Amino acid sequence: MHGPTPPPALTVEGVSYAYGSRPALADVTFTIAPKTFAVLLGLNGAGKTTLFSLITRLFATHSGQIRIFGHDVARTPGDALRLVGVVFQSRTLDLDLSVMQNLIYHAALHGIGRREARRRADELLTQIALADRAKDKVRNLSGGQMRRVEIARALLHRPRLLVLDEPTVGLDVQSRADILTHMRALVAREGASVLWATHLIDEVAPGDDVVVLHKGRVLAHGPVARVIADTGASDIRGAFARLTKISLADTADEAA
Amino acid sequence: MTTDVAVRTEARFSAPQYAICLAGIIWREGLRFLHQRERFISALVRPLVWLFIFAAGFRQVLGVSIIPPYETYVLYEVYITPGLIAMIQLFNGMQSSLSMVYDREMGNMRTLLVSPFPRWYLLSSKLIAGTAVSLLQVYAFLFIAWFWEIEPPPIGYLTVIPALVLTGLMLGALGMLISSVITQLENFAGVMNFVIFPMFFASSALYPLWRVQEGSPFLYYVCQANPFTHATELIRFALYGQINWISLAVVCGCTAVFMVGAILAYDPARGLLARRGDRGGPA
């Protein structure tokens with residue numbers, strides 16, 4: 001059972017999910033290696049948010065298995081969840097509380113005491129250039145600043161896997177670029193893994209891994225260069241177009 | 001750093017860490033309470049309206065005979081005070097659980113549930129935090145009521161605390177259970193009509209049950225079966241330094257049932273949360 005290699009940061013194995021009779025995910029399988037920036041690429045409605053809800057155990061996985069550094073999310077949720085930092089698509093900061101209060105609350109939810117929380121929060125806020133806003137109410141921040149705070153919050157308990165669901169939705173070009181740069185630097189510096197869900201193809205960088213999710217199915221996954229080569233396209237945009245088109249055409253004869 | 005063992009378990013949370021988690025949840029609930037001044041004011045105005053207006057109007061209509069725990073004739077205002085205290089807790093319990101789900105606050109429930117602590121512990125902590133807030137509201141109410149000549153014995157202010165903790169937990173757990181299982185009641189008005197008003201009116205909060213029995217034997221049994229009646233009676237007796245054992249048993253039993261129900265309802269394996277998430281969670 002136990003291989004000599006360390007377990008992947010994230011293993012999704014044969015996961016299917018349906019809302020009543022409406023299928024959302026069908027036999028989704030992929031892995032993310034440690035120290036990888038992986039982009040989960042899919043259009044709206046591809047099943048990205050459902051997949052995130054399963055990874056973070058908001059929903060139970062009915063078929064298939066999800067493991068985080070080898071910890072089964074269904075069987076040992078505590079061990080799995082403490083290794084994960086989450087940024088949800090919808091805003092989840094408490095608008096009436098200050099930035100620091102939000103961070104201290106989150107730290108408490110991970111068993112981190114106030115003094116240590118404050119120390120880590122100061123450090124993270126400095127990194128995202130918001131140290132001077134620590135005492136401000138979240139309500140008074142801009143959309144991009146809130147996102148940065150949410151990312152800082154997700155990093156407070158020093159997770160080894162960070163999952164972000166459409167973190168750049170509603171942000172301007174500059175904020176998007178800043179956040180992406182910050183996340184890639186994090187992977188390089190701390191050796192954390194990132195699963196970054198987006199529908200924006202231009203957020204994929206050549207050195208990333210990519211998982212193409214379309215209508216609840218994984219059409220391709222692996223290093224960007226390999227996915228491009230496998231589809232015979234010239235870039236990831238072309239590869240995505242070919243992949244999703246294939247899936248539209250092959251419903252008749254050959255299923256993937 | 002990495003070893004060749006695939007499943008590497010890090011140290012479990014220690015007892016102090018559990019305490020940090022609970023303290024953090026209570027602290028946040030308290031902060032929110034202080035920041036939402038409208039919520040505090042409306043929590044206070046609601047029972048005061050009943051006390052100042054409704055009770056004043058009814059004091060001539062409804063005479064209250066001497067029934068335990070009272071040793072003398074009491075004014076109608078004095079009679080309904082325990083019921084109003086329970087109402088404060090009922091509203092608070094419904095509000096803190098329901099707002100979490102119905103408003104944009106769904107996000108806060110998510111933040112709570114992705115914490116690595118066991119889910120039963122997180123939900124219990126949330127309930128304890130809500131109960132703590134309801135205690136603040138109750139004492140603010142009792143303070144103002146004191147000027148209105150609602151003067152229970154001084155010791156009653158202490159003996160009522162354990163009763164308030166129990167009833168607060170029971171009503172909070174009820175709110176949490178309702179928030180998880182009922183999908184039809186889309187807003188607070190629905191909950192008012194179908195939960196809060198029936199519970200409040202079909203109870204001993206506004207009239208002694210022996211009077212209800214004279215009017216409608218059937219309603220009398222409904223009131224007897226209503227957990228809110230027992231919450232009210234538990235508070236009423238405790239406020240006069242006494243224990244109503246039957247109410248104590250009913251409240252304890254209901255608290256346990258509602259809490260287990262709420263914890264099961266928020267168990268991802270039951271899928272209730274998922275069903276809700278499908279309806280409007282991931283915006």
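Residues numbered from 1 in each chain as written. Chains lettered and ligands numbered in written order. Predicted model: local features only at pLDDT ≥ 70, side-chain atom pairs only at ≥ 80, totals over all residues.

*Asks:* What's the story with the overall build of chain A in this structure? I'm lost.
*Replies:* The number of helices and strands found in chain A is eight helices and ten strands. Against the 2.2 N^0.38 benchmark of 18 Å for 256 residues, chain A shows a C-alpha radius of gyration of 19 Å, consistent with a compact globule. Here the C-alpha coordinates of chain A stretch approximately 60 × 40 × 40 Å along the principal axes. A total of 256 residues make up chain A; the buried ones form 48% of that total. Excluding contacts between residues fewer than 6 apart, the proportion of contacts in chain A whose partners are at least 24 apart in sequence is 68%. (Helix = DSSP H or I, 4+ residues; strand = E, 2+ residues; numbered from the N terminus. Rg over C-alpha atoms; globule rule 2.2 N^0.38 Å. Buried ≥ 20, exposed ≤ 12 C-beta atoms within 10 Å, placed from the backbone. Contact = placed C-beta atoms within 7 Å.)

*Asks:* Mind showing me how you'd approach the nonpolar core here?
*Replies:* Inside soluble globular proteins, nonpolar side chains tend to come together where they are buried. By size, the foremost hydrophobic cluster in this structure holds 145 residues, and its most contacted members are Ala 38, Trp 196 and Val 210 of chain A together with Met 170, Ala 173 and Ile 235 of chain B. Residue contributions to this core reach at least three from each of two domains, namely domain 1 (1-83 + 176-256) and domain 2 (93-158) of chain A. Beyond its immediate sequence surroundings of up to four residues, Val 210 of chain A is in contact with Ala 38, Val 39, Leu 41, Val 204, His 221, Val 224, Val 227 and Ile 236 of chain A. (Core = buried A, V, L, I, M, F, W, Y, C linked by C-beta atoms within 7 Å. Domains from an automatic or database assignment.)

*Asks:* Could you clarify how one ought to interpret the environment of Leu 186 of chain A in this entry?
*Replies:* Position of Leu 186 of chain A among the secondary structure elements: in helix 6 (residues 173-190). When the C-alpha positions of Leu 186 of chain A and Phe 37 of chain A are compared, they lie 9.5 Å apart, and in sequence the two are 149 residues distant.

*Asks:* Explain the domain arrangement of chain A to me, please; I cannot follow it from the model alone.
*Replies:* Often the size quoted for an interface is simply the accessible area lost on bringing the parts together. According to the domain assignment, chain A contains domain 1 (1-83 + 176-256) and domain 2 (93-158). For domain 1 of chain A versus domain 2 of chain A, the separation of C-alpha centres amounts to 27 Å.

*Asks:* Please explain the pairing of strand 7 (residues 161-165) of chain A as it appears in this structure.
*Replies:* Consecutive residues of a regular strand have side chains that alternate between opposite faces of the sheet. All names here are of chain A. Summarising burial for strand 7: five of the five residues are buried, a large majority. Alternating residues of strand 7 divide into Leu 161, Val 163 and Asp 165 and Leu 162 and Leu 164, and every residue in both groups is buried. Note: strand 6 (residues 84-87) against strand 7, four bridges, orientation parallel. Counterpart to Gly 85 in the pairing with strand 7 is Leu 162. Across five bridges, the pairing between strand 7 and strand 8 (residues 193-198) is parallel. Looking at the pairing, Val 163 lines up with Leu 195 of strand 8. (Pairing = 2+ DSSP bridges.)

*Asks:* How should the sheet that holds strand 2 (residues 22-32) of chain A be read in this particular structure?
*Replies:* Hydrogen bonds between backbone groups are what pair the strands of a sheet, and the pairing can be parallel or antiparallel. Residues and elements named next belong to chain A. Pairing is antiparallel across the open sheet formed by four strands, whose spatial order is 2-1-4-5. One side of each edge strand has no neighbouring strand; the edge strands of this open sheet are strand 2 and strand 5 (71-72). Both strand 1 (residues 10-19) and strand 4 (residues 63-68) contribute to a ladder of five bridges, which runs antiparallel. Among the inter-strand pairings, Thr 11 is bridged to a residue of strand 4, identified as Arg 67.

*Asks:* Just to check I follow, could you spell out the confidence of the model for chain B for this structure?
*Replies:* It should be kept in mind that the predicted coordinates are not to be read in detail where pLDDT is low. Residues and elements named next belong to chain B. Looking at chain B, pLDDT values average 84 and 83% of them are 70 or higher. The weakest mean pLDDT in chain B belongs to helix 12 (residues 272-280) at 49; the strongest belongs to helix 10 (residues 227-239) at 96. Every residue in residues 1-7 is under pLDDT 50, and counting partners more than four places away or in other chains gives twelve contacts. Model confidence for the complex: the whole-complex pTM is 0.86, and ipTM, which rates the interface, is 0.85. (pLDDT = per-residue confidence, 0-100.)

*Asks:* What exactly am I supposed to notice about the packing of helix 1 (residues 15-35) of chain B against helix 5 (residues 119-147) of chain B here?
*Replies:* Helix packing geometry: the angle between the two helix axes and the distance between the axes. Residue and element names in this part refer to chain B. Their axes nearest at 9 Å, the elements helix 1 and helix 5 cross at an angle of 40°. Viewed along their axes, helix 1 and helix 5 adopt a mutual orientation that is oblique. Considering only the axes of helix 1 and helix 5, their crossing is right-handed. Here Tyr 18, Cys 21, Leu 22, Ile 25, Ile 26, Glu 29, Gly 30 and Phe 33 of helix 1 lie close against helix 5, whose contacting residues are Tyr 121, Ser 125, Lys 126, Ile 128, Ala 129, Gly 130, Ala 132, Val 133 and Leu 136. Looking at side-chain class alone, the contact of helix 1 with helix 5 contains twelve nonpolar, three polar and two charged residues. (Axes fitted to C-alpha atoms, helices over the stretch in contact; angles between N-to-C directions. Parallel < 35°, antiparallel > 145°, perpendicular 65-115°, else oblique. Left-handed = near helix turned anticlockwise from the far one by under 90°. Nonpolar A, V, L, I, M, F, W, Y, C, P; charged D, E, K, R; others polar.)

*Asks:* Could you clarify how one ought to interpret the sheet that holds strand 7 of chain A in this entry?
*Replies:* Residues and elements named next belong to chain A. Read from one edge of the open sheet, six strands run 6-7-8-3-9-10, paired in mixed fashion. Every other strand in the sheet has two partners, leaving strand 6 and strand 10 (217-223) as the edge strands with one partner each. Strand-to-strand twist of the sheet, defined as the mean angle between neighbouring strand axes without regard to direction, takes the value 15°. Sheet topology places strand 9 (residues 209-214) next to strand 10; six bridges connect them, and they run antiparallel. Considered in strand 10, the bridge of Asp 209 is made with Pro 223.

*Asks:* Would you explain unusual backbone geometry in this entry?
*Replies:* A negative phi angle characterises most non-glycine residues, just as the trans form characterises most peptide bonds. At the junction of Pro 68 of chain B and Pro 69 of chain B, the peptide bond is cis and its omega measures out at 5° in the coordinates. For Pro 69 of chain B, the location among the structural elements is in the loop between helix 2 (37-58) and helix 3 (76-102). Of note in this structure, Phe 69 of chain A is not a glycine but carries a positive phi near 45°. By the element assignment, Phe 69 of chain A lies in the loop between strand 4 and strand 5. Even without glycine at this site, Glu 166 of chain A takes up a positive phi of about 45°. Locating Glu 166 of chain A in the fold gives a position in the loop between strand 7 and helix 6. A tally of 21 C-beta atoms within 10 Å means that Glu 166 of chain A is categorised as buried.

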